[in-house]
Amino acid sequence: MSEWASAVAFFWPLGVTMKNPLYCLGVLLLVCGVSPYLQEGPSPLSTYALRLGPGEEIVSSLFKFVQEKKLIAPFVITCVGSVTKATLRLANSDALNNNEIINLKERLEIVSLVGTLNKDAHLHISLSDKDGKTIGGHAIGDLEVFTTAEIVIGELSNLEFTREMDERTGYPELVIKPRSEGNVSNI
Amino acid sequence: MSEWASAVAFFWPLGVTMKNPLYCLGVLLLVCGVSPYLQEGPSPLSTYALRLGPGEEIVSSLFKFVQEKKLIAPFVITCVGSVTKATLRLANSDALNNNEIINLKERLEIVSLVGTLNKDAHLHISLSDKDGKTIGGHAIGDLEVFTTAEIVIGELSNLEFTREMDERTGYPELVIKPRSEGNVSNI
Amino acid sequence: MSEWASAVAFFWPLGVTMKNPLYCLGVLLLVCGVSPYLQEGPSPLSTYALRLGPGEEIVSSLFKFVQEKKLIAPFVITCVGSVTKATLRLANSDALNNNEIINLKERLEIVSLVGTLNKDAHLHISLSDKDGKTIGGHAIGDLEVFTTAEIVIGELSNLEFTREMDERTGYPELVIKPRSEGNVSNI
């Protein structure tokens, strides 16, 4: 998107979002300074730790873990480990051009893993190779563990993560809400 | 600073810091093994989540958030997202030579954001480009969001972050204190 | 390890681990879906902050901190700072070929530090140089602070980290257990 188009999308939301009155209302509230679930807190935090072994795939293992534990506002706190493969979506991708993807097949050290873990999780990773050179991007999957992956996950105990289509980006983007009363964790 | 000068600064603080008796006392306490607010804890943690949208600037948005919420010992737990710009201060900079700065104007994925968020915040970032190549440094600003930035912030509930000039580095450096009684959060 | 050998190690554990009946039992439990201390939670989190100054070494300082505070399930939440040196083990290393090591002697910014901090800690780091280029790997030590290192450490209050030899990798790998009753922190 050009800077001009970006400015239009930001300052003249009615033109862009006329098809979706609810979203339009959201942008208007935003412009008026009332953020609709774009920021929340404070929340207590509960935490989980897991270790994946050789051959396990990190992204799908994290999805499975989050589903099994019924986590509602989960995210990665830290991750250390190594992989033999990785599929990353690179920085020039966007909703219309989603095919800038790289498949790596070599031993790589995980030097960062960041992001949120609710449905349609959003994870970015950086990996270092045999020379120490690092490569990074959006973690699509295929992150097959070489020796180990030690991961600590946080869960915001009284918040809820969902995703809603953001017409400015073409992606379902993070929405942060207080939990409904019956849903608040006691940790 | 040469290694020799560094050694002098460390083992012979009186000579270097004679102009500042309080700092001199601090270094003496340090040498004697009494750390003046260089480490603290345990503290409970309260947490906040926010999502920034297209065109928002990350560093100033985080400053504003921390001020609005009156956070006293805040830091970044995780951040995932993308930017169209970034201004970074590179590794060869120091207090006397502060101009090693790079201005990036391209789509970049955020693969790490680390650091503390109190006044004179100290943030480092690594960003990956269209080829997956990563570039990193001290986040000065100009981090304009491309599609999204999902950020989780931690606040050490019973600690306080300030900064005090450290003559060894020429920068105001982090000081970590227990909060005064009236200031302790109940989260 | 070739992919074939990896597959054998995964699907036919009896052949590989016959010498160690306890490990063999562990793998069988794992295959049957009963994870023996591979994942635990939820746990409350307690947190610590520290600042290291010029000349201090990060890995040994963190070990000392964890020992002094008697932390049992500690990990790095965030770290920002700069170093003048670093010794990293690179991605092609494994238990049989442990000598892929690089010694860096230049000013570097810490752009990520991830991992767990119990005995035989497992830390990976990425560092950016004077051009913004990043280099990463397993942090062995020699991480001598240039100006500062600001670090927040988390401790999973009701879990316990140990390490046990994993014959699949040749390394002592993370084991995550609930704490015994007398050992649970009150934070």
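Residues numbered from 1 in each chain as written. Chains lettered and ligands numbered in written order. Predicted model: local features only at pLDDT ≥ 70, side-chain atom pairs only at ≥ 80, totals over all residues. Heavy atoms only, no water.

- Per an unreviewed UniProt entry, chain A goes by PPC domain-containing protein and derives from Leptobrachium leishanense.

A few points about the interface of chain C and chain B
Stage number 1. Taken together, the contacts link 37 residues of chain C with 45 residues of chain B.
Stage number 2. Here chain C packs against chain B, burying approximately 3300 Å² in sum over the two surfaces, 58% of which is carbon and sulfur.
Stage number 3. At the surface where chain C touches chain B, the tally comes to 2 salt bridges.
Stage number 4. When the shortest N-O distance is used, the salt bridge between R51(C) and D166(B) registers 2.9 Å. (Contact = heavy atoms within 4.5 Å. Buried area = accessible area lost by both parts, 1.4 Å probe. Salt bridge = Lys/Arg side-chain N within 4 Å of Asp/Glu carboxyl O.)

Observations concerning the packing of aromatic side chains
All names here are of chain A.
Stage number 1. By the definition in use, this model includes 3 aromatic pairs over all chains.
Stage number 2. Measuring from centroid to centroid gives 5.7 Å for Y48 and F65, while their planes differ by 80°, and the two rings are edge-to-face. Residue Y48 is located in strand β2 (residues 45-52), and its partner F65 is located in helix α4 (residues 58-68); the two are separated by 17 residues in the primary sequence.
Stage number 3. With a relative accessible area of 1%, F65 lands in the buried category. (Phe/Tyr/Trp six-rings, centres within 6.5 Å; stacked < 30°, edge-to-face > 60°. Helix = DSSP H or I, 4+ residues; strand = E, 2+ residues; numbered from the N terminus. Buried < 20%, exposed > 50% of the residue type's maximum accessible area, 1.4 Å probe, protein only.)

Focus on the sheet that holds strand β5 (residues 101-104) of chain A
Stage number 1. Taken together, 9 strands build an open sheet; the order of strands is β5(A)-β4(A)-β8(A)-β7(A)-β6(A)-β3(A)-β9(A)-β2(A)-β1(C) and the sheet is antiparallel. Edge strands, defined here as strands with exactly one partner in the open sheet, are β5 of chain A together with β1 (39-43) of chain C. Strand after strand, the sheet turns through a mean of 25° between neighbouring axes, direction not considered.
Stage number 2. Sheet contacts for α4(A): β2, β3 (74-83), β6 (108-116), β7 (122-128), β8 (134-141) and β9 (145-156) of chain A together with β1 of chain C; angle to β9(A), the most-contacted strand, approximately 35°. (Pairing = 2+ DSSP bridges. Axes fitted to C-alpha atoms, helices over the stretch in contact; angles between N-to-C directions.)

Some details on the relation of the copies chain A and chain B
A rotation about some axis, followed by a shift along it, carries one copy of the chain onto the other.
Stage number 1. Superposition record for chain A on chain B: RMSD 0.0 Å, screw rotation 120°, translation along axis 0.0 Å. The relationship between the two copies is best expressed as a three-fold rotation axis.
Stage number 2. When the interface residues of chain A are mapped onto chain B, a mere 9% of them again lie at the interface, so each copy presents a different face. (Least-squares fit on C-alpha atoms with pLDDT ≥ 70 in both.)

What about the pairing of β3(A)?
Residue and element names in this part refer to chain A.
Stage number 1. With 10 of its 10 residues buried, β3 lies for the most part within the structure.
Stage number 2. Both β3 and β9 contribute to a ladder of 8 bridges, which runs antiparallel. Along β9, the bridge assignment pairs T78 with V152.
Stage number 3. Judged from the 4 bridges that link them, β3 and β6 form a sheet pairing that is antiparallel. Paired with S82 across the two strands is E109, which belongs to β6.

Brief notes about the interface of chain A and chain B
Stage number 1. Residue-level contacts link 45 residues of chain A with 37 residues of chain B.
Stage number 2. Taken together, the two surfaces of chain A and chain B that pack against each other cover about 3300 Å², and 57% of this comes from carbon and sulfur.
Stage number 3. By the criterion of area lost to chain B, the three top residues of chain A are Q39(A), A91(A) and H124(A), representing 16% of everything that side buries.
Stage number 4. Counting across the chain A and chain B interface gives 2 salt bridges.
Stage number 5. Mapped by element, the contributors of at least two residues to the side of chain A that touches chain B are α1 (3-11), β1 (39-43), β3, β6, β7, β8, β10 (159-166) and β11 (171-178) of chain A.
Stage number 6. Class assignment for the residues of the side of chain A that touches chain B results in 21 nonpolar, 16 polar and 8 charged.
Stage number 7. As paired elements, β1(A) and strand β2 (residues 45-52) of chain B share 3 bridges and run antiparallel to each other. Within the sheet, the bridge partner assigned to Q39(A) lies in β2(B) and is L50(B). (Nonpolar A, V, L, I, M, F, W, Y, C, P; charged D, E, K, R; others polar.)

Thoughts on the side chain of S43(C)
Residues and elements named next belong to chain C.
Stage number 1. Its location among the elements puts S43 in strand β1.
Stage number 2. Taking the relative accessible area as the measure of exposure, S43 reaches 0% and is therefore buried.
Stage number 3. A distance of 3.0 Å separates a polar atom in the side chain of S43 from a polar atom in the side chain of N158. (Polar contact = N/O pair within 3.5 Å; in protein donor to acceptor, adjacent residues only side chain to side chain.)

Section: the pattern of salt bridges
Stage number 1. By the definition in use, this model includes 24 salt bridges over all chains.
Stage number 2. Between D166(C) and R168(C) there is a salt bridge, and its shortest N-O distance comes to 3.0 Å.
Stage number 3. The buried category is assigned to R168(C), whose relative accessible area is 14%.
Stage number 4. A cluster of three or more residues bridged by salt bridges with shared partners is formed by R51(A), D166(C) and R168(C).

Some remarks on the pairing of β8(A)
All names here are of chain A.
Stage number 1. Summarising burial for β8: 7 of the 8 residues are buried, a large majority.
Stage number 2. As paired elements, strand β4 (residues 86-89) and β8 share 3 bridges and run antiparallel to each other. Each residue of the ladder has a partner; that of R89, found in β8, is H138.
Stage number 3. Sheet topology note: the β7/β8 ladder contains 5 bridges and is antiparallel. Residue pairing in the sheet places L127 in a bridge with I135 of β8.

Re the nonpolar core
Stage number 1. Ranked by internal contacts, the top residues of the largest apolar core, which has 33 residues, are I77(A), L156(A), I77(B), L156(B), I77(C) and L156(C).
Stage number 2. Every residue in contact with L156(B), bar those within four places of it in the chain, is listed here: S43(B), P44(B), L45(B), A73(B), F75(B), F161(B), R179(B), T47(C), A49(C) and V152(C). (Core = buried A, V, L, I, M, F, W, Y, C linked by side-chain atoms within 4.5 Å.)

Brief notes about the relation of the copies chain C and chain B
Stage number 1. Mapping chain C onto chain B calls for a screw motion: a turn of 120° about the axis and a shift of 0.0 Å along it, with 0.0 Å RMSD after fitting.
Stage number 2. Of the residues that chain C buries at the interface, just 11% are likewise interface residues in chain B, meaning the two copies contact each other through different surfaces.

Overview of the sheet that holds β1(A)
Stage number 1. The strand order β1(A)-β2(B)-β9(B)-β3(B)-β6(B)-β7(B)-β8(B)-β4(B)-β5(B) describes an open sheet built from 9 strands, whose pairing is antiparallel. The two strands at the open ends of the sheet, each matched to only one other strand, are β1 of chain A together with β5 (101-104) of chain B. Across the sheet, the mean angle from the axis of one strand to that of its neighbour is 25°, orientation sign disregarded.
Stage number 2. Packing of helix α4 (residues 58-68) of chain B onto the sheet brings it into contact with β1 of chain A together with β2, β3 (74-83), β6 (108-116), β7 (122-128), β8 (134-141) and β9 (145-156) of chain B, and relative to β9(B) it is tilted by some 35°.

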